[in-house]
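Listed below are the residues making up each chain.
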Amino acid sequence: MVATRYMPKSLRALLRKCFFGILRHSLTQAAHEQNFFELAQRLARVVPNIGDQYSTFKIDTDFLSKKVRYQHAFQISLVERVIKEMSAPTIADIGDSSGTHIQYLTGLHPGRTIRCLSVNSDLQAVEKIRAKGLEAIHAHAEELERYNASADIFLCFETVEHLMNPAQFFHELSSKTQAKYLIITVPYVAKSRVGLHHIRYNRREGIGAETTHIFELSPEDLKLLVRHSGWRMFYDQIYRQYPQYGFWGITKSWWKRFDFEGFYGMILTRDDTWSSLYKDW
């Protein structure tokens, strides 16, 4: 980093372009290797523009577009494993920032009756979703009971790491709804850690729930937490942003340093075997 500080701007720009070009190739090779490439292409036909996916920044480069689209393909692949069991499912997307996943699912299943509800504590995100003609409520994930929000399938994509009390959140969904499935994805880390990176790096700008990770949990620790909170594993999978085989696997260390190696997904069903033993919910 010190060396690049003294480089001409044109050279720094070239190095940056090369860096993201390598990561872009890594993403595409990983998508092919994990069989998400074709699904990502289908999703792009359903929702061509994902530039407004987040409230805090725009998806405005080819690299970001591929990164987000392949991640979406992984998430939707989890939903596809269970949605066909139900003739007319109700799906609630907790932490939905743009309505994109709802659009994907209704677009992939034309003619089917699918009732969808988006939930977000960010009013800007809720208004953006409503502007697309979709149903959304302005609420914290932990407050769903107040809104009588229930569903056959709850989606919770990259939201758990932003919650103050994920165990209580899981237990509320398990004990106070009739959901058949809870599908979650989180950033993949091999070892659990507390996020709070703004404190770790002494960044004193204002923050909010959308941009702050509290707990970043490894798969093994997350499995324990969901069992404690009233769920059991139906299916799980790690999506990697780099291929495990071939030349582009060299990018693993770059992803680990500058972003995340990938994402971890779980399909859960309700089971109070362990949560019923805990007396202080």
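My aim in this report is to walk through the structure given alongside it, one point at a time. These numbers come from a predicted model, not from an experiment. (Residues numbered from 1 in each chain as written. Predicted model: local features only at pLDDT ≥ 70, side-chain atom pairs only at ≥ 80, totals over all residues. Heavy atoms only, no water.)

1. Observations regarding the state of the cysteines
Move 1: Evaluated as defined, the whole model comprises zero disulfides.
Move 2: No disulfide involves Cys116; its sulfur sits 16 Å from the nearest other cysteine sulfur, which is in Cys156.
Move 3: Its relative accessible area of 12% is what places Cys116 among the buried residues. (Disulfide = S-S within 2.5 Å. Buried < 20%, exposed > 50% of the residue type's maximum accessible area, 1.4 Å probe, protein only.)

2. What about helix H4 (residues 62-83)?
Move 1: Helix length check: H4 (22 residues) gives 30 Å between terminal C-alpha atoms against 32 Å at 1.5 Å per residue, within 8%.
Move 2: Taken across its 22 residues, H4 has 17 buried, putting it largely inside the fold. (Helix = DSSP H or I, 4+ residues; strand = E, 2+ residues; numbered from the N terminus. Expected span 1.5 Å × (residues − 1).)

3. Re the nonpolar core
Move 1: One finds Ile153, Leu155 and Ile183 to be the most contacted residues of the largest nonpolar core, which totals 38 residues.
Move 2: Those elements that place two or more of their residues in this core are helix H2 (9-33), helix H3 (37-46), H4, helix H5 (100-108), strand E4 (153-157), strand E5 (181-187) and strand E9 (262-270).
Move 3: At ten residues, the largest contribution of residues to this core is made by H4.
Move 4: The contact partners of Ile183, leaving out residues within four places of it in the chain, are Leu78, Val79, Val82, Ile153, Phe154, Leu155, Cys156, Phe157, Met266 and Ile267.
Move 5: Val119, Leu182, Leu217 and Leu268 belong to the second largest nonpolar core, which has 29 residues in total. (Core = buried A, V, L, I, M, F, W, Y, C linked by side-chain atoms within 4.5 Å. Contact = heavy atoms within 4.5 Å.)

4. Looking at empty space enclosed by the protein
To find the voids left in a structure, one rolls a probe of water-molecule size over its atoms.
Move 1: Inspection of every chain in the model, using the stated rule, returns one cavity of 30 Å³ or more.
Move 2: Estimated volume of the largest cavity: approximately 50 Å³.
Move 3: Lining the largest cavity, in full, are Val160, Glu161, Val186, Pro187, Phe215, Glu216, Leu217 and Leu222.
Move 4: Of all the secondary-structure elements, those providing two or more residues to the lining of the largest cavity are E5 and strand E7 (215-216).
Move 5: Looking at the lining of the largest cavity, its residues break down into six nonpolar, no polar and two charged. (1 Å grid on protein atoms, 1.4 Å probe; cavity = no way out; pocket = protein on both sides within 12 Å on 5 of 7 lines; lining within 4 Å. Points joined across faces, edges and corners; volume = space filled by probe spheres on them. Nonpolar A, V, L, I, M, F, W, Y, C, P; charged D, E, K, R; others polar.)

5. What to know about the pairing of strand E1 (residues 90-94)
Move 1: Along E1, five of the five residues are buried, which leaves the element largely enclosed by surrounding structure.
Move 2: Neither face of E1 is open: one carries Thr90, Ala92 and Ile94, the other Ile91 and Asp93, and all of them are buried.
Move 3: The pairing of E1 with strand E2 (residues 115-120) spans five bridges and is parallel. Within E2, the residue paired with Thr90 across the bridge is Arg115. (Pairing = 2+ DSSP bridges.)

6. A short note on the sheet that holds E5
Move 1: One open sheet accounts for seven strands, arranged E3-E2-E1-E4-E5-E9-E8; its pairing is mixed. The two strands at the open ends of the sheet, each matched to only one other strand, are strand E3 (136-138) and strand E8 (231-240). Strand after strand, the sheet turns through a mean of 15° between neighbouring axes, direction not considered.
Move 2: Alignment of E2 against E3, held across three bridges, turns out to be parallel. When the sheet's bridge partners are listed, Asn120 is paired in E3 with His138.
Move 3: Sitting on the sheet, H4 is in contact with E1, E4, E5, E8 and E9, with an inclination near 20° to E9. (Axes fitted to C-alpha atoms, helices over the stretch in contact; angles between N-to-C directions.)

7. Observations concerning the environment of Arg24
Move 1: Note that Arg24 resides in helix H2.
Move 2: Using a relative accessible area of 27% as the deciding quantity, one classes Arg24 as partly exposed.
Move 3: C-alpha of Arg24 to C-alpha of Thr177: the two residues are 153 residues apart in sequence and 41 Å apart in space.

8. Focus on the packing of H3 against H4
Move 1: Across the interface, H3 lies against H4 with an axial gap of 8 Å and an inter-helix angle of 100°. As far as their axial angle goes, H4 and H3 are roughly perpendicular. The residues of H4 that touch H3, namely those facing Phe37, Leu39, Ala40, Leu43 and Ala44, are Arg69, Tyr70, His72, Ala73, Ile76 and Ser77.
Move 2: Across the contact of H3 with H4, the residue classes tally to eight nonpolar, two polar and one charged. (Parallel < 35°, antiparallel > 145°, perpendicular 65-115°, else oblique.)

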